[in-house]
Each structure stands twice: as structure tokens, then as C-alpha cells.
Amino acid sequence: MSVESSAARKPRRSAAGKAGTTGSGTGTAGDATGATGTKRTTRSAAKKSAEPELVQLLTPEGKRVKNAEYDAYVAGITPDELRGLYRDMVLTRRFDAEATALQRQGELGLWASLLGQEAAQIGSGRATREDDYVFPTYREHGVAWCRGVDPTNLLGMFRGVNNGGWDPNSNNFHLYTIVIGSQTLHATGYAMGIAKDGADSAVIAYFGDGASSQGDVAEAFTFSAVYNAPVVFFCQNNQWAISEPTEKQSRVPLYQRAQGFGFPGVRVDGNDVLACLAVTKWALERARSGEGPTLIEAFTYRMGAHTTSDDPTRYRGDEERLAWEAKDPILRLRRFLETAGHADDTFFAELETESETLGKRVREAVRAMPDPDRFAIFENAYADGHALVDEERAQFAAYQASFADEGGH
């Protein structure tokens, strides 16, 4: 377990528990202390910190390992809840596979797959409370599932029939954000607002390793730290920002960026659903208790393409993908369930049936989506209408009419 923090000031609101750090991994043998007592990192320490340990509770072989800092956050988990986490990941993967197939069949314009990132999303999603608020990017299908969003509602935007098919306030789950990194600012502002309201809740913002290079994310870090906002920044480092590897984006591990802004960062095994659950619970509780923001780097891997318009074979090799397949998050939890005697063949068979039923429902729902009104784009632009909009509407109508032949086809 490794956590870095350089937060020196006191939390502005009442704090409970440990502030700024969570145990071992906060110092290295190469650290030196100046006259003011502030640690400055030497080159040897920086080199050592370049390969931080992951917070891990389940090994790729499905073996449960102890962690003094985070075991308490999953200590009371029941076999039924463990099976629930497995079910969440399996059904999310099935939904994702169906959406990918639908795009290939021409039913969706685009799709951003989460294949390989199920543990990061389900673990963190299940850590949230009902009154917490989630700000996703465009790949958080598993988190949406945890928040109770009907998966078919996620597909309307990718089919081009709406701009987001759900009410954000009904599930405290914001609409998908396509602009890279901007949702971190939205999350920070919302968190500052609930802090002023005195609400006992927290905010979590999702983004990828590529988004961590955006200026919006740096601004969100600054504001959240200065205003001690109750927000958790959850970065899914899937190793590739489209075709750009992480090592070309940052000189240090991504979680270490938090220390420059004055709050803790943690790197967690993003393919370990238990570790993601535990670390996110800790960070959210820390936020609710007045200790401010946290950066979680979920170290995972995008098994498929960035989106269905991408070809990952052009920039990465099969050996890399095969190495990560051995760390598959679903297979990892299944091994643990079987070894511990928490699931039998009947459970897995019934889940397989449920999975296929979900795939069929998604497929039928997408194909039944009505086409949007082509002229809706001209409505509600101005309260009382506008001459230019009227002119554009007439031009568009003439353009549409030009496609009709004499037979009316």
C-alpha cells in the first residue's frame, strides 16, 4: 500500500480519523528533511517511488491477502455481497459486449467499451451511498449499473436519438461527459456546494489517464484542495490515452500528482474489485468527515479499443494484452468464490442465463428506439423565435425534401 500527501494545513471543516495519509508508504529511505521539517525527495527516493505498490486484497490467482489499512472496509462483506459483486461485473461485461456488437452491426454510431475495467467501476460504484453524487466520463457503464441507471438508457446518445437518456437527479448520476476532463470541474463545484449546504454526502468524479493531462483536471485539483471539497477523483489508468501510453503523459505515477496539490493519492489494483471497494469507501468517508479530496489511481487495462473507431493493434502488441488477460477481474473473483465455497455451478449457470436475457433485452430496446424529430434542433434556441433560425429551418426542410424521389421513397 502506498499513499503520498503533502497536505500541511488543517481541514476547514471538522475532521475525523487520519488526515492526509493512510499509513505505510508515505516515506522512503531516500527522503531528506530540511530545516523547516518539510520532506524533500532525493533522486533515489524518486526512483524508488516510480514503482509503487498497489493496494491489493485479491491476487490475480484469487487469493485473499491481508492489508492492515483497508481490510476494515470490507471486513463485514458477506458471501451474498461477494456474489453480488461478481454478478455486477458479469452483467456489465455482457451489456458492454452487446453494445459493441450493436455498433458493429450499424445500430450505434460509436461505443466506448469498458472491457477489463469492470472491477474498478463496480468496486468504486458499490462504495458510494445513495446520497453521493457521481460525475462520469463516457465509459462508466459499470458505475451507471451500480447507480441504478437502466443500461438501455446509456445507448440513446450513442445511437443519436437523444443527448442523454436519464434524469441525473433521479440516481445522482450525471450525464456522460464527452469533453475530456471537464466533469472534474463540475464535480468540484458540486462538492463545494454541498459542503456549504452542510450535507453529509460526497462526490466522486471519474476520468482516465489521458484526461489527467488536461488543464481542467489540474484546476479541479486546485479548487478542491483550497476549498477542502468533499470529492474523490477516481482515475482509471487503463495504460493508454487512445494510442498514447501513460509513460508519455507523466514523469511520475499518476497518483503522486495529488501531493503537489496538497491532498493524498492512492494507487489501487484496478482489477481487484475488493481493493477498489475498500479504497473508495475510505476516500468517500474521508470526504464526508471534512478531510477534503483524494485521488485514487485504479491501475487497470483497457482490453479492447479506445472506442469502436479505434484499432489498438496499430500501437500495442498482443503480448501486453495477454499479460493483462491473466489478471482478468472477473476470473479473479470467480477463483476466490470457488475456493472459498461461496458459489457453486448452479449460481454460475443461472447467471449465464440472466446474462443472455440482458443481452437480448438490450438488443431489442436499441432497435425499438424511435428516430428523433429532425427539426427538434431548431426548437427552444430562442424563447420568442428568431429570423435566422427560421431561415435555417426552411433550408434544412428543403434539403430533406431533396432526398424524396417521385415515387415518395
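Read on for a plain summary of the structure. (Residues numbered from 1 in each chain as written. Predicted model: local features only at pLDDT ≥ 70, side-chain atom pairs only at ≥ 80, totals over all residues. Heavy atoms only, no water.)

## Focus on unusual backbone geometry
Excluding glycine, residues mostly have negative phi values, and the peptide bonds linking residues are mostly trans.
Argument step 1. Even without being a glycine, Asn228 presents a positive backbone phi close to 55°.
Argument step 2. Owing to a relative accessible area of 4%, Asn228 belongs among the buried residues under this scheme. (Buried < 20%, exposed > 50% of the residue type's maximum accessible area, 1.4 Å probe, protein only.)

## What about the packing of helix 2 (residues 79–104) against helix 12 (residues 345–367)?
Argument step 1. It is the contact of helix 2 with helix 12, at a shortest axis distance of 9 Å, that shows an interaxial angle of 35°. Of the two possible hands of crossing, helix 2 and helix 12 adopt the one that is right-handed. On helix 12, the residues that touch Arg83, Tyr86, Arg87, Val90, Leu91, Arg94, Phe95, Glu98 and Leu102 of helix 2 are Phe347, Phe348, Leu351, Glu354, Ser355, Glu356, Leu358, Gly359, Val362, Arg363, Val366 and Arg367.
Argument step 2. In terms of residue class, the contact of helix 2 with helix 12 is built from eleven nonpolar, two polar and eight charged. (Axes fitted to C-alpha atoms, helices over the stretch in contact; angles between N-to-C directions. Helix = DSSP H or I, 4+ residues; strand = E, 2+ residues; numbered from the N terminus. Left-handed = near helix turned anticlockwise from the far one by under 90°. Contact = heavy atoms within 4.5 Å. Nonpolar A, V, L, I, M, F, W, Y, C, P; charged D, E, K, R; others polar.)

## What about the pattern of salt bridges?
Argument step 1. Enumeration over the complete set of coordinates arrives at 23 salt bridges.
Argument step 2. For Arg334, the salt bridge identified is with Glu338, shortest N-O distance 3.1 Å. Remark: Glu338 and Arg334 occur in helix 11 (residues 329–340); sequence separation between them is four residues, near one turn of the helix.
Argument step 3. The partly exposed category is assigned to Glu338, whose relative accessible area is 40%.
Argument step 4. Between Arg393 and Asp390 there is a salt bridge, with the nearest N and O atoms lying 2.9 Å from each other. In this pair, Arg393 and Asp390 are both assigned in helix 13 (residues 387–401), three residues apart and thus about one turn of the helix distant.
Argument step 5. Connected via shared salt-bridge partners are Arg94, Glu98, Glu356 and Arg363. (Salt bridge = Lys/Arg side-chain N within 4 Å of Asp/Glu carboxyl O.)

## Re the side chain of Thr300
Argument step 1. Mapped onto the elements, Thr300 comes out in the loop between strand 10 (294–299) and helix 10 (318–325).
Argument step 2. Of the polar contacts made by the side chain of Thr300, one reaches the side chain of Asn271; its length is 2.7 Å. (Polar contact = N/O pair within 3.5 Å; in protein donor to acceptor, adjacent residues only side chain to side chain.)

## Looking at the packing of aromatic side chains
Geometrically, a pair of aromatic rings is defined through the distance of the ring centres and the angle of the planes.
Argument step 1. Applying the stated rule across the entire model yields 28 aromatic pairs.
Argument step 2. Pairing Phe95 with Trp111 gives two aromatic rings, centres 5.7 Å apart and planes at 90°, and the pair type is edge-to-face. In this pair, Phe95 is assigned in helix 2 and Trp111 in the loop between helix 2 and helix 3 (118–125), connecting sequence segments 16 residues apart.
Argument step 3. With a relative accessible area of 3%, Phe95 lands in the buried category.
Argument step 4. Look at Tyr133 and Tyr190: their rings are 4.5 Å apart centre to centre, the planes differ by 40°, and that puts the pair in the tilted class. Here the residue Tyr133 occupies a position in strand 4 (residues 133–135), and Tyr190 occupies one in helix 7 (residues 182–197), the gap between them amounting to 57 residues.
Argument step 5. Tyr190 gets classed as partly exposed once you look at its relative accessible area, which sits at 34%. (Phe/Tyr/Trp six-rings, centres within 6.5 Å; stacked < 30°, edge-to-face > 60°.)

## Considerations on the layout of surface pockets
Argument step 1. Reported here for the second largest pocket is a volume of approximately 300 Å³.
Argument step 2. Lining the second largest pocket are 21 residues, and of these Tyr138, Gly208, Gly210, Ala211 and His306 sit closest to its centre.
Argument step 3. Those elements that place two or more of their residues in the lining of the second largest pocket are strand 5 (203–208) and strand 7 (240–241).
Argument step 4. Residues of the lining of the second largest pocket, tallied by class, amount to seven nonpolar, ten polar and four charged. (1 Å grid on protein atoms, 1.4 Å probe; cavity = no way out; pocket = protein on both sides within 12 Å on 5 of 7 lines; lining within 4 Å. Points joined across faces, edges and corners; volume = space filled by probe spheres on them.)

## Overview of the environment of Ala218
Argument step 1. Assignment of secondary structure puts Ala218 in helix 8 (residues 215–226).
Argument step 2. Residue classification places Ala218 among the partly exposed positions, given a relative accessible area of 31%.
Argument step 3. The sequence separation of Ala218 and Ala258 amounts to 40 residues, and the corresponding C-alpha distance is 9.6 Å.

## Observations concerning the nonpolar core
Argument step 1. Ranked by internal contacts, the top residues of the largest apolar core, which has 67 residues, are Tyr86, Leu108, Leu155, Phe173, Tyr176, Val268 and Leu333.
Argument step 2. Considering every element that reaches this core, the biggest residue donor is helix 9 (residues 273–288), with eleven residues.
Argument step 3. Dropping the residues within four chain positions of it, Phe173 is found in contact with Tyr133, Val134, Pro136, Glu140, Val143, Ala144, Arg147, Val149, Trp166 and Pro168.
Argument step 4. Grouped together as the second largest cluster of nonpolar side chains are 22 residues, Phe207, Ala225, Ala229 and Ala258 included. (Core = buried A, V, L, I, M, F, W, Y, C linked by side-chain atoms within 4.5 Å.)

## Let's talk about the packing of helix 7 against helix 8
Argument step 1. Two numbers describe how helix 7 lies on helix 8: the axes approach to 7 Å, and their chain directions differ by 15°. By the angle between their directions, the pair helix 7 and helix 8 is classed as roughly parallel. In terms of crossing hand, the pair formed by helix 7 and helix 8 is left-handed. Contacts between helix 7 and helix 8 involve Ser182, Thr184, Leu185, Thr188 and Met192 from the first element and Asp216, Val217, Glu219, Ala220, Phe223 and Ser224 from the second. (Parallel < 35°, antiparallel > 145°, perpendicular 65-115°, else oblique.)

## Some words on the pairing of strand 6 (residues 231–237)
Argument step 1. Burial runs high along strand 6: seven of the seven residues are buried.
Argument step 2. Burial along strand 6 is two-sided: the face carrying Val231, Phe233, Cys235 and Asn237 and the face carrying Val232, Phe234 and Gln236 are both buried.
Argument step 3. Looking at chain direction, strand 5 and strand 6 are connected through six bridges and run parallel. Note that in strand 6 the partner of Phe207 across the bridge is Cys235.
Argument step 4. In the classification by handedness, the crossover that spans strand 5, the intervening helix 8 and the parallel strand 6 is right-handed.
Argument step 5. Of the pairings in the sheet, the one linking strand 6 to strand 10 comprises six bridges and is parallel in character. (Pairing = 2+ DSSP bridges. Right-handed = clockwise from strand over helix to strand, strands pointing away.)

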